[in-house]
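Below are the chains, spelled out letter by letter.
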Amino acid sequence: MQISGFSPRAVLAQFVRSFTLIETRYEATRTLLPDTGMVLGIRYGGFARQLDHDRTCCLPDASLAGMRASARRMYTSPNAGVVLAIFQTSGAAAFFAEPLHELFGKTTPLDEILPASELERTANRVAEAREPRARVAGLERMVLARLRHDRG
């Protein structure tokens, strides 16, 4: 498994802690510890499953994960790839009008939050990119476009 971190543009730094690209050639199971920020992800290869005590659920290819109070285990298929925007503690609120506290402990498919055209455009940019930085740039472009200047 290869994990690469990228700093956000200066205009996003107060909201986005980092962009992360995760790629694996082989299947992997890992434990993710709770974090203080929400995570936006676009998968461009393979699939992932969340392994909870007595059940397994497939994770959407495009999702917004709320903060959690407990660790979770994740299975990733071979030849998988995902690009993530890891938000600062309250950073996601600058990009989504939805009541984000309702996502606590949940992983929500992005197609329930974003317009289909915006999601499809971003997923295509990420999937078609051939270099890690270009994949991150595809997600960063969407995040930058969603920056809400009316957050009061």
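Relevant structure appears above.
Presented here is an overview of the structure given in this document. For every chain, the first residue of the written sequence is number 1, and numbering continues from 1 onward in sequence order. Totals for whole chains, interfaces and linings use all residues, but because this is a predicted model, local features are given only for residues with pLDDT of at least 70 and pairs of side-chain atoms are given and counted only at 80 or more. For the side-chain quantities, the full set of heavy atoms in the structure was used; hydrogens and water were omitted.

**Remarks on helix 2 (residues 132–146)**
Part 1: Strands here mean DSSP runs of E at least two residues long; helices mean DSSP runs of H or I at least four residues long; both are numbered from the N terminus. By this rule the span expected of a helix is its residue count minus one, scaled by 1.5 Å. Its 15 residues give helix 2 an end-to-end C-alpha distance of 22 Å, which sits within 8% of 21 Å, the value for a rise of 1.5 Å per residue.
Part 2: Note on exposure labels: buried denotes an accessible area under 20% of the residue type's maximum, exposed denotes more than 50%, and partly exposed covers the range between, all computed with a 1.4 Å probe on protein chains only. Buried within helix 2 are the following residues: Arg135, Val136, Gly138, Leu139, Glu140, Met142, Val143 and Arg146.
Part 3: Note on definitions: a residue-residue contact is assigned when non-hydrogen atoms from the two residues lie within 4.5 Å. Contact partners of the buried residues in helix 2: strand 1 (2–6), strand 2 (16–24), strand 4 (39–45), strand 9 (80–87) and helix 1 (116–128).

**Here's the deal with the layout of surface pockets**
Part 1: Quantified by volume, the largest pocket comes out at close to 620 Å³.
Part 2: Two kinds of site are reported from a 1 Å grid over the protein atoms alone, namely cavities, where a 1.4 Å probe fits but cannot get out, and pockets, open sets with protein on both sides within 12 Å along at least five of seven lines, and residues are called lining when an atom falls within 4 Å of a point. In terms of lining residues, the largest pocket is bounded by 33 residues, among which Leu32, Val39, Arg72, Met74 and Leu84 are the most central.
Part 3: Secondary-structure elements contributing two or more residues to the lining of the largest pocket are strand 2, strand 3 (28–32), strand 4, strand 7 (62–65), strand 8 (72–76) and strand 9.
Part 4: Examining the composition of the lining of the largest pocket, we find that 5 residues originate from one element, strand 4, more than from any other.
Part 5: Here the residues of the lining of the largest pocket are counted per class, giving 19 nonpolar, 8 polar and 6 charged. Grid points are joined across faces, edges and corners, and a volume is the space filled by probe spheres set on the points. Each residue is assigned to one class: nonpolar for Ala, Val, Leu, Ile, Met, Phe, Trp, Tyr, Cys and Pro, charged for Asp, Glu, Lys and Arg, and polar for all the others, Gly among them.

**Considering the state of the cysteines**
Part 1: Cysteine sulfur atoms that come within 2.5 Å of each other are treated as a disulfide pair. Enumeration according to the criterion identifies 0 disulfides in this entry.
Part 2: No disulfide involves Cys58; its nearest neighbouring cysteine sulfur is the one of Cys57, lying 7.5 Å away.
Part 3: What makes Cys58 exposed here is its relative accessible area of 57%.

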